[in-house]
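Descriptive analysis of the structure
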Amino acid sequence: MDGGTFLITGASRGIGAATARLAAGAGHRVALLARDAAGLHRLAEEIAAPDRVLAVPCDAADWDSVREAVGLVVRTWGRLDVAFANAGVSVDTSFLGTRGAPPPEWREMVLTNVYGPAIAARAALPELVRSRGHFVISGSAAGRGVRPGNLYAATKWAVTGLAQSIRAECVGTGVRVSLVLPGLVDTGGIPADRAGDPKLDPADVARAVLYAVGQPPAVDVNEILIRPVGQAPQL
Ligand SMILES: NC(=O)c1ccc[n+]([C@@H]2O[C@H](COP(=O)([O-])OP(=O)(O)OC[C@H]3O[C@@H](n4cnc5c(N)ncnc54)[C@H](OP(=O)(O)O)[C@@H]3O)[C@@H](O)[C@H]2O)c1
């Protein structure tokens with residue numbers, strides 16, 4: 001089985017890990033990127049296909065780290081077919097009051113959620129142009145609705161624009177760009193005050209990613225917005 005090479009940032013848990021499991025099961029060679037090397041190696045062992053899984057410790061918000069990780073994947077497997085910029089973090093914020101994390105902690109979220117997929121694109125696109133490959137980004141339903149005082153939602157609005165900007169620059173290259181925008185997903189990344197809300201399973205989002213990737217080369221699934229049944233429309 002050879003479904004091409006599939007790089008995933010934020011692969012140590014949650015949506016990224018679920019996508020890695022599904023992609024490996026569909027025959028892709030998967031490169032798992034995250035900071036938690038032990039978590040990546042556990043997942044690689046679980047996938048149990050040593051010649052088709054690569055664990056690559058990487059900080060998705062650091063240019064040198066991302067560039068080196070993409071380089072390692074290409075040196076190992078000779079090509080890159082899919083890059084899924086999925087790593088992200090969420091901290092609670094308020095602009096008006098003092099609720100949530102103090103402002104110095106907002107910085108990591110902006111860098112991971114916005115700068116991260118931007119530099120992933122910069123590192124991966126030359127290889128994706130060569131393979132006429134696919135760039136996929138984790139957006140969020142939060143990047144569509146207005147949430148008071150919520151910088152996380154604003155980072156995901158930025159990601160919506162980023163996907164469109166990357167796609168516009170890739171016109172004529174054969175590269176496809178898909179933005180997957182989940183509603184609430186049952187991972188460690190959700191805020192405590194929404195623990196009781198309806199949630200998707202990470203595998204539900206993974207299937208959406210694989211749907212986009214599995215289309216014929218001439219079909220560019222621009223966006224998939226997927227919410228759990230019963231999620232309030234403004235969220
Ligand atoms: N859960 C939801 O309800 C939901 C809804 C919509 C969109 N999303 C988006 O989906 C994506 C995945 O979220 P999730 O819910 O699966 O979160 P999660 O379970 O908290 O996992 C986050 C992943 O991102 C990685 N990560 C965070 N910062 C990183 C960095 N600087 N460098 C490398 N990896 C980093 C983490 O790995 P390490 O800590 O090991 O680095 C982990 O693998 C995010 O972009 C999130 O915004 C989530």
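Only a predicted model underlies this, so the values are computations on that prediction, with no experimental measurement involved.

Running from amino to carboxyl end, helix 1 (residues 14–25) crosses helix 2 (residues 37–47) at an angle of 25°, the nearest separation of the two axes being 11 Å. The orientation of helix 1 with respect to helix 2, classified from their angle, is roughly parallel. The handedness of the crossing between helix 1 and helix 2 comes out as right-handed. Packed against helix 1, whose contacting residues are Ala17, Ala20, Arg21 and Ala24, the element helix 2 presents Leu43, Glu46 and Ile47 at the interface. When its residues are assigned to classes, the contact of helix 1 with helix 2 shows 5 nonpolar, no polar and 2 charged.

With respect to the helices, strands and loops of the structure, aspartate 201 is situated in the loop between strand 6 (176–182) and helix 6 (202–213). For aspartate 201, the side chain forms a polar contact with the main-chain nitrogen of alanine 203, separated by 2.9 Å.

Let us now look at helix 1. The end-to-end C-alpha separation of helix 1 is 17 Å, in line with the 16 Å expected for 12 residues at 1.5 Å each. Residues of helix 1 that are buried include every one of Ile15, Gly16, Ala17, Ala18, Thr19, Ala20, Ala23 and Ala24, and no others. Residues of helix 1 that are buried sit in contact with strand 1 (5–9), strand 2 (29–34), helix 2, strand 4 (82–85), strand 6 and helix 6. Looking at the residues trailing helix 1, positive phi occurs at glycine 27, about 100°.

Within the structure shown, the criterion is met by 10 salt bridges. Between arginine 144 and glutamate 223 there is a salt bridge, and its shortest N-O distance comes to 2.3 Å. Of this pair, arginine 144 sits in the loop between strand 5 (134–138) and helix 5 (151–169) while glutamate 223 sits in strand 7 (residues 223–226), and the two are 79 residues apart along the sequence. The exposure class of glutamate 223 is partly exposed, given its relative accessible area of 30%.

Moving on to the site of the ligand. In the neighbourhood of the ligand, 30 residues make up the surrounding shell, with Ser12, Arg35, Ala60, Tyr152 and Thr187 lying closest. A distance of 3.2 Å separates an oxygen atom of the ligand from a polar backbone atom of glycine 10. Here an oxygen atom of the ligand and a backbone polar atom of isoleucine 15 are 2.8 Å apart. Burial of the ligand by the protein chains amounts to 94% of its free accessible area of 880 Å². At the level of secondary structure, the elements contributing two or more residues to the shell around the ligand comprise helix 1 and helix 5. Across the shell around the ligand, the residue classes tally to 12 nonpolar, 13 polar and 5 charged.

Where strands meet in a sheet, backbone hydrogen bonds hold them as pairs that are either parallel or antiparallel. What the 7 strands build is an open sheet, ordered 3-2-1-4-5-6-7; its pairing is parallel. At either margin of the open sheet sits one strand with a lone partner, and together these are strand 3 (53–57) and strand 7. Across this sheet, the average inter-strand angle for adjacent strands is 15°, counted without regard to direction. In this sheet, strand 4 lies alongside strand 1 in parallel orientation, the contact comprising 3 bridges.

A separate point is helix 2. Of the residues making up helix 2, those classed as buried are Gly39, Leu40, Leu43, Ala44 and Ile47. The arc that holds every buried residue of helix 2, seen down its axis, measures 135°, which confines them to one face. With respect to the buried face of helix 2, the exposed residues turned more than 90 degrees away are Arg42 and Glu45. In this structure, the buried side of helix 2 is in contact with helix 1, strand 2 and strand 3. Once helix 2 ends, the next one or two residues include alanine 48, with phi positive near 55°.

Relative orientation of the contacting elements helix 4 (residues 106–131) and helix 5 amounts to 15°, with a least axis distance of 9 Å. As far as their axial angle goes, helix 5 and helix 4 are roughly parallel. When the axes of helix 4 and helix 5 are compared, the crossing they make is right-handed. Of helix 5, the residues touching helix 4 (which contributes Trp106, Met109, Val110, Asn113, Val114, Pro117, Ala118, Ala121 and Leu125) are Leu151, Tyr152, Thr155, Lys156, Ala158, Val159, Leu162 and Ile166. Looking at the contact of helix 4 with helix 5 residue by residue, the classes come out as 14 nonpolar, 2 polar and 1 charged.

Conventions and cut-offs
- Residues numbered from 1 in each chain as written.
- Predicted model: local features only at pLDDT ≥ 70, side-chain atom pairs only at ≥ 80, totals over all residues.
- Heavy atoms only, no water.
- Axes fitted to C-alpha atoms, helices over the stretch in contact; angles between N-to-C directions.
- Helix = DSSP H or I, 4+ residues; strand = E, 2+ residues; numbered from the N terminus.
- Parallel < 35°, antiparallel > 145°, perpendicular 65-115°, else oblique.
- Left-handed = near helix turned anticlockwise from the far one by under 90°.
- Contact = heavy atoms within 4.5 Å.
- Nonpolar A, V, L, I, M, F, W, Y, C, P; charged D, E, K, R; others polar.
- Polar contact = N/O pair within 3.5 Å; in protein donor to acceptor, adjacent residues only side chain to side chain.
- Expected span 1.5 Å × (residues − 1).
- Buried < 20%, exposed > 50% of the residue type's maximum accessible area, 1.4 Å probe, protein only.
- Salt bridge = Lys/Arg side-chain N within 4 Å of Asp/Glu carboxyl O.
- Near = heavy atom within 4 Å.
- Areas by Shrake-Rupley, 256 points an atom, 1.4 Å probe, with all protein chains shown as cover.
- Pairing = 2+ DSSP bridges.
- Arc of directions from axis to C-beta.

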